[in-house]
Amino acid sequence: MSASTASPRSANTLSRRARRRSAALGAAAWVVGVGFCLPALWMVLTSFHAEADAATNPPSLAAALTLDGYRTFFGGGGGPTPWPPLVNSLAASFFSTVLVLLLALPAAYALSIRRVRKWTDVMFFFLSTKMLPVVAGLLPVYLFAKNTGLLDNIWLLVLLYTSMNLPIAVWMMQSFLADVPVSIIEAAQVDGARLPTVLRRVVAPVAGPGIAATALICFIFSWNELLFARVLTGVVAGTAPVHLTTFVTSQGLFLAQLCAASVVVSLPVLVAGYAAQDKLVQGLSLGAVK
C-alpha cells in the first residue's frame, strides 16, 4: 500500500516541479523580451516629448506629451520634407529585392535541385563575398560611380543593394529549395513544362514561405543601409537613413525629433514584418522538422 500511494505522490510532486520550472522559464522569457523591447519603447516615448524634456538627465517619464517632433519631421516647422528620402528608400529596397529574387531563385535551383558540379565551392564563393568589409570597397565603388556619372542616382543603389544581398539570398533559398520534392518537378517536366514554368508554377508556390522570408530580410537590409547611401548620394537620391543623420548637427542633437524620425522610418519594416510574419516563421523554420 505504501508503494502504491507513494507513486501518485511522486508523480504529483514532479508535475508541480515541472509547472514551477515552466512558469519560471516563462517569466524569464518575458523579462528578457521586455528588456529587448525597452530601447524601442523608450524611443517611442521620447518622440512624444518636447526637446527640453527629452534632453533632461535623468529623463522624465512624466513629461508632457506633444507631437512637435513629428510635425518638425514632416516639415511643419519649415524644415526639409522627408517624403523624397522615404520614396527613395522604398524604391531602392523594393526594386533591389525583386532583382535579388529573380536572380537567386534559378541560382538556388541549380545549387539544390539540379546541382552543378562542385556546388559546395560555389556556395563558399558566395559566402566569401561577405567577408570583405564594406568600407574596403567604398572607394572603388565611388570612383566607378563618379566616372560613369552615377553619383546621386537611385539606380546605382539598386545595383549595389542587389549585389550585396544576392549571396545571402542564394544561401537562404538554397536550403529552402533543397526541401522541395523532386518528384513534383519531374512530373511537371514530364508534362512538358520548361524551366521558367517549373520555377514559376511548381518551385515558387512550394517554397513560398522561404522566398517570403528571404525577400523580407533583403528588404530590411536594403532599407537600413547607410554607408553607401551616405557617400554616393546627395540631394536627389538620398535615402531615409541618410535623412536621419541631418538631425545630428553642429548645433547639437535634436533628440525628440530624431526619435520621431526613427519611429517613422522604422514603420515600413515593422508593417512588412507584421504582414508577412506567418510566411516569415514558416520560411525560417522550413526543413527544421522532417
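Residues numbered from 1 in each chain as written. Predicted model: local features only at pLDDT ≥ 70, side-chain atom pairs only at ≥ 80, totals over all residues. Heavy atoms only, no water.

**As for the overall build of the protein chain**
(1) Moving on: Within the protein chain, the regular secondary structure consists of 14 helices and two strands.
(2) Moving on: Whereas a compact globule of 290 residues would reach a radius of gyration of roughly 19 Å, the protein chain reaches 25 Å, over 25% beyond that.
(3) Moving on: Put simply, the protein chain shows about 17200 Å² of open surface, and 69% of that area lies on carbon and sulfur atoms.
(4) Moving on: Here the protein chain holds 19 positive side-chain charges and 10 negative ones, and the gap between their average locations is 15 Å. (Helix = DSSP H or I, 4+ residues; strand = E, 2+ residues; numbered from the N terminus. Rg over C-alpha atoms; globule rule 2.2 N^0.38 Å. Areas by Shrake-Rupley, 256 points an atom, 1.4 Å probe, with all protein chains shown as cover. Lys, Arg positive; Asp, Glu negative; His and termini not counted. Charge placed at Lys NZ, Arg CZ, Asp CG, Glu CD.)

**Considering unusual backbone geometry**
Where the residue is not glycine, phi is negative for most of them; where a peptide bond is considered, it is trans in most cases.
(1) Moving on: One non-glycine residue, Asp152, lies in positive phi territory at about 60 degrees.
(2) Moving on: For Asp152, a relative accessible area of 22% translates into the label partly exposed. (Buried < 20%, exposed > 50% of the residue type's maximum accessible area, 1.4 Å probe, protein only.)

**A closer look at the packing of helix H9 (residues 195-206) against helix H10 (residues 208-224)**
(1) Moving on: The geometry of H9 relative to H10 is characterised by a closest axis approach of 4 Å and an angle of 80 degrees between their N-to-C directions. Here H10 runs roughly perpendicular to H9, going by the angle between their axes. Taking contact as the criterion, the partners of Ala204, Pro205 and Val206 in H9 are, on H10, Gly208, Pro209 and Ile211. (Axes fitted to C-alpha atoms, helices over the stretch in contact; angles between N-to-C directions. Parallel < 35°, antiparallel > 145°, perpendicular 65-115°, else oblique. Contact = heavy atoms within 4.5 Å.)

**Here we look at helix H13 (residues 255-275)**
(1) Moving on: Here H13 contains 21 residues, and its C-alpha end-to-end distance of 30 Å stays within 8% of the 30 Å for a straight helix at 1.5 Å per residue.
(2) Moving on: A bend of about 35 degrees at Leu267 is the largest found in H13, and the proline Pro268 appears one to four places after it.
(3) Moving on: Taken as a whole, H13 has its buried residues at Ala256, Gln257, Leu258, Cys259, Ala260, Ala261, Ser262, Val263, Val264, Val265, Val269 and Gly273. (Expected span 1.5 Å × (residues − 1). Bend = angle between axes of the 7 residues up to and from the residue.)

**What to know about a positive patch on the surface**
(1) Moving on: Residues Arg16, Arg17, Arg19, Arg20 and Arg21 make up a contiguous surface patch of positive charge.
(2) Moving on: Here Arg21 is to be found in helix H1 (residues 2-47). (Patch = residues over 30% accessible without salt bridge, like charges linked within 9 Å, V, L, I, M, F, W, Y side chains within 5 Å. Salt bridge = Lys/Arg side-chain N within 4 Å of Asp/Glu carboxyl O.)

**Let's talk about a nonpolar patch on the surface**
(1) Moving on: A cluster of nonpolar side chains, contributed by Phe94, Phe95, Val98, Leu99, Leu102 and Trp155, occupies part of the molecular surface with about 600 Å² of accessible area.
(2) Moving on: At five residues, helix H4 (residues 83-112) tops the list of elements feeding residues into the nonpolar patch.
(3) Moving on: Turning to its location among the elements, Val98 is positioned in helix H4.

**Section: the side chain of Thr233**
(1) Moving on: Tracing the backbone shows Thr233 in the loop between helix H11 (227-232) and helix H12 (240-244).
(2) Moving on: A polar atom in the side chain of Thr233 sits 2.2 Å from the backbone oxygen of Ala229.
(3) Moving on: Apart from residues lying up to four places away in sequence, Thr233 is in contact with Asp152, Leu157, Phe228, Gly238 and Val242. (Polar contact = N/O pair within 3.5 Å; in protein donor to acceptor, adjacent residues only side chain to side chain.)

**What to know about the environment of Phe228**
(1) Moving on: Within the secondary structure layout, Phe228 lies in helix H11.
(2) Moving on: A residue is classified by how much of its surface remains accessible, and Phe228, at 5% relative accessible area, is buried.
(3) Moving on: The spatial distance from the C-alpha of Phe228 to the C-alpha of Gln189 is 43 Å, given a sequence separation of 39 residues.
(4) Moving on: Those residues in contact with Phe228 that lie beyond four places of it in its chain are Val134, Gly137, Leu138, Val141, Leu157, Leu160, Met164 and Thr233.

**A look at the nonpolar core**
(1) Moving on: Formed by 26 residues in total, the largest nonpolar core has its most connected members in Leu105, Tyr109, Ile113, Leu177, Ile185, Val198 and Val203.
(2) Moving on: Where this core is concerned, the elements lending two or more residues are H4, helix H5 (119-128), helix H7 (154-177), helix H8 (182-190), H9 and H10.
(3) Moving on: For this core, the element with the highest residue contribution is H7, accounting for seven residues.
(4) Moving on: The contact partners of Val203, leaving out residues within four places of it in the chain, are Leu105, Tyr109, Ile113, Leu177, Ile185 and Val198. (Core = buried A, V, L, I, M, F, W, Y, C linked by side-chain atoms within 4.5 Å.)

**Quick word on the packing of H10 against H13**
(1) Moving on: Packing of H10 against H13 leaves a shortest axis separation of 10 Å and a crossing angle of 175 degrees. In terms of their interaxial angle, H10 and H13 are classed as roughly antiparallel. Here Leu216, Ile220 and Trp223 of H10 lie close against H13, whose contacting residues are Val265, Pro268, Val269, Ala272 and Gly273.
(2) Moving on: Here the contact of H10 with H13 is composed, by residue class, of seven nonpolar, one polar and no charged. (Nonpolar A, V, L, I, M, F, W, Y, C, P; charged D, E, K, R; others polar.)

**A few points about the packing of aromatic side chains**
We describe a pair of aromatic rings using the distance from one ring centre to the other and the angle between the two ring planes.
(1) Moving on: In total, this model carries eight aromatic pairs according to the counting rule given.
(2) Moving on: Site record: aromatic cluster; members linked through ring pairs are Phe73, Phe74, Trp83 and Phe247. (Phe/Tyr/Trp six-rings, centres within 6.5 Å; stacked < 30°, edge-to-face > 60°.)

**Here's the deal with H10**
(1) Moving on: A rise of 1.5 Å per residue sets the reference length of H10, with its 17 residues, at 24 Å; its end C-alpha atoms lie 24 Å apart and thus fit the reference within 8%.
(2) Moving on: Of all 17 residues in H10, twelve are buried, a share of seventy percent or more.
(3) Moving on: Turning to H10, its buried residues number three or more, namely Gly208, Pro209, Gly210, Ile211, Ala213, Thr214, Ala215, Leu216, Cys218, Phe219, Ser222 and Trp223.

**Notes on the side chain of Ser96**
(1) Moving on: Mapped onto the elements, Ser96 comes out in helix H4.
(2) Moving on: Here Ala92 takes part through its backbone oxygen, which lies 2.7 Å from a polar atom of the side chain of Ser96.
(3) Moving on: Aside from chain neighbours lying at most four places away, what touches Ser96 is Val158, Tyr161, Thr162 and Ser222.

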